[in-house]
2 protein chains.
Amino acid sequence: MNLLLLEEADFIAADRVILRDRRLVHMQDVHRAAVGDNLRVGRIGGLMGNAQLQRLEAHEAELQVSFDLPPPAKLPLTLLLALPRPKMLRRVLQTVAAMGVPKVVLVNSYRVEKSFWQTPFLEPEAIREQLILGLEQARDTVLPEIIIEKRFKPFVEDRLPAMTEGTLGLIGHPGDHPACPRGLDTPVTLAIGPEGGWIPYEVDLLSKAGMQPVQLGARILRVETAVTALLARLF
Amino acid sequence: MNLLLLEEADFIAADRVILRDRRLVHMQDVHRAAVGDNLRVGRIGGLMGNAQLQRLEAHEAELQVSFDLPPPAKLPLTLLLALPRPKMLRRVLQTVAAMGVPKVVLVNSYRVEKSFWQTPFLEPEAIREQLILGLEQARDTVLPEIIIEKRFKPFVEDRLPAMTEGTLGLIGHPGDHPACPRGLDTPVTLAIGPEGGWIPYEVDLLSKAGMQPVQLGARILRVETAVTALLARLF
């Protein structure tokens, strides 16, 4: 946790917050904070700034806070991601939040196991929890938007064309394709497939929606690694 | 597992192997392989090729194998990594093996907790297990070399200069430094610090050994994500 993220419910006044949950435990156990210490804080969806610890007890802490710093810029990106297996989903959500992806569409694919859609990690609160961990890691305050699309074809045919319009549409896909471009500053829509990759029918439909396949080399990467590698290459 | 990696001990003839361990379980449970099926195989440290399943029983499988394909090229890189916490160490070892890093030096740093050096995950067999998982994921056969340096100063002063000679020496380090370069094809020595970063004294010593700080932006990434992002940016 490199940034203590504050929710609206934490505030007891415009410049005072009370913490009681895992953030209190983290302050005590990891930061070993003492009264008078300064900590980096951010307001979810708002500015970042400084907190001074005013009172620290076993069950709660009170901090005086001020905010002056905007969060870092997001990437100009919409990430279309075939739903990963539940354990990987949690890590990927942290990673996309940490790397500054503003919008993620979790989509079905032929190679996504049906059971993955039943995971409790897709509940809004569970998604938010992982995104918060990513923001705390990277020092950002703005939650990415996560959209869930359980049906591939209607999403790609009816809604994806409007998303890709005005952006460079890329499909991360192993094979004999152009190399993934580097150091872009244009908006991108990037589709990353499941373990085993998109099937040809899916690549066709994505192509009709304005996206083209690019590759990162012969190595097959786990989804989390592929997401990070593609983003680091693109921007 | 995208490649079934074979050890010398698996061979009962030049073109026949018997499998009994987790690889057998994986063939049965994930690949749901049947007699006559073809599987991608690799010989640790050697070529990749094809296996045909000849016999499949509950406790063992027999395969006929042939080898014709060289493994993918490694990156022209030596990675100097402050020892991560044990759980992260395991994932990082998989990631560096998957991404094609040929040589990793795990080094001490002021911000590495002393207890991390006690982890059983640093035993040679435990390291090898994680590297194998990374090679199986990416389809590679050649184990990276892992060097353990428990003392920072003698390593950096006495042995690092010979490693950085003829390479571009870079320190991944947040702050007001040049951006990490992109798309290199020259050999690189890259140092990645612990959570919290290298301390100034360490950056000084690394600089004297021929390395210069570069940054990836304002976001603070977990070690595993930083490794992947820096490698994807550099090569």
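Conventions we followed
Residue positions are given per chain, counted from 1 along the sequence in the order it is written. The naming scheme follows written order: chains are lettered A onward, ligands numbered 1 onward. Note on the predicted model: pLDDT of at least 70 is required for a residue's local features to be given, and 80 or more for side-chain atom pairs to be given and counted; whole-chain, interface and lining totals, by contrast, use all residues. Side-chain measures here rest on the full set of heavy atoms in the structure, leaving out hydrogens and waters. UniProt positions are given in the numbering used here, feature names are shortened, and annotations may be inferred rather than shown by experiment. Throughout, an axis means a line fitted to C-alpha atoms (over the contacting stretch in the case of helices), and angles, computed between N-to-C directions, take values from 0 to 180 degrees. Labels follow the DSSP assignment, with helices taken as runs of H or I lasting at least four residues and strands as runs of E lasting at least two, numbered in each case from the N terminus. Roughly parallel refers to an angle under 35 degrees, roughly antiparallel to one over 145, roughly perpendicular to one between 65 and 115, and oblique to any angle outside these ranges. By the definition used in this description, the sense in which the near helix is turned from the far one sets the handedness, with an anticlockwise turn below a right angle giving left-handed and a clockwise turn giving right-handed. Contacts are residue-level and defined by heavy atoms, with any inter-residue pair within 4.5 Å sufficient. Under the scheme applied, nonpolar residues are Ala, Val, Leu, Ile, Met, Phe, Trp, Tyr, Cys and Pro; charged residues are Asp, Glu, Lys and Arg; polar residues are all the others, including Gly. By convention here, the domain bounds are inherited from an automatic or database domain assignment. Accessible area that two parts lose when put together, with a 1.4 Å probe and added across both, is what the buried area reports. Take a side-chain nitrogen of Lys or Arg and a carboxyl oxygen of Asp or Glu: if they are within 4 Å of each other, that pair is a salt bridge. Here a polar contact is taken to be a pair of N or O atoms separated by no more than 3.5 Å, where protein atoms must pair a possible hydrogen donor with a possible acceptor and residues adjacent in sequence count only if both atoms sit in side chains.

You'll find chain A entered in an unreviewed UniProt entry as Ribosomal RNA small subunit methyltransferase E, with Pseudomonas aylmerensis given as the organism. The Sequence similarities (unreviewed entry) comment attached to chain A in UniProt states, word for word, "Belongs to the RNA methyltransferase RsmE family."

1. Here we look at the packing of helix 2 (residues 86–99) of chain A against helix 3 (residues 124–138) of chain A
Residue and element names in this part refer to chain A. With their axes 7 Å apart at the nearest point, helix 2 and helix 3 run at an angle of 45° to one another. As far as their axial angle goes, helix 3 and helix 2 are oblique. With respect to the hand of their crossing, helix 2 and helix 3 are arranged in right-handed fashion. Residues Arg-90, Leu-93, Gln-94, Ala-97 and Ala-98 of helix 2 touch helix 3, and the partners they reach there are Ile-127, Gln-130, Leu-131, Leu-133, Gly-134, Leu-135 and Ala-138. Grouping the constituent residues of the contact of helix 2 with helix 3 by class yields eight nonpolar, three polar and one charged.

2. Re the domain arrangement of chain A
All names here are of chain A. Considered domain by domain, chain A is made up of domain 1 (4–69) and domain 2 (77–234). Taken together, the two surfaces of domain 1 and domain 2 that pack against each other cover about 830 Å², and 55% of this comes from carbon and sulfur. On the domain 1 side of the interface with domain 2, the three residues burying the most area are Leu-5, Arg-22 and Arg-40, jointly 52% of the side's total. Seen at the junction of domain 1 and domain 2, the total is two salt bridges. In this structure, Arg-22 and Glu-136 form a salt bridge, with 2.8 Å as the shortest nitrogen-oxygen distance. Between the two partners, domain 1 and domain 2, sit four residue pairs in polar contact (both at pLDDT 80 or more). Those elements that provide at least two residues to the side of domain 1 that touches domain 2 are helix 1 (22–29) and strand 4 (38–43). Residue composition of the side of domain 1 that touches domain 2, grouped by class: four nonpolar, three polar and five charged.

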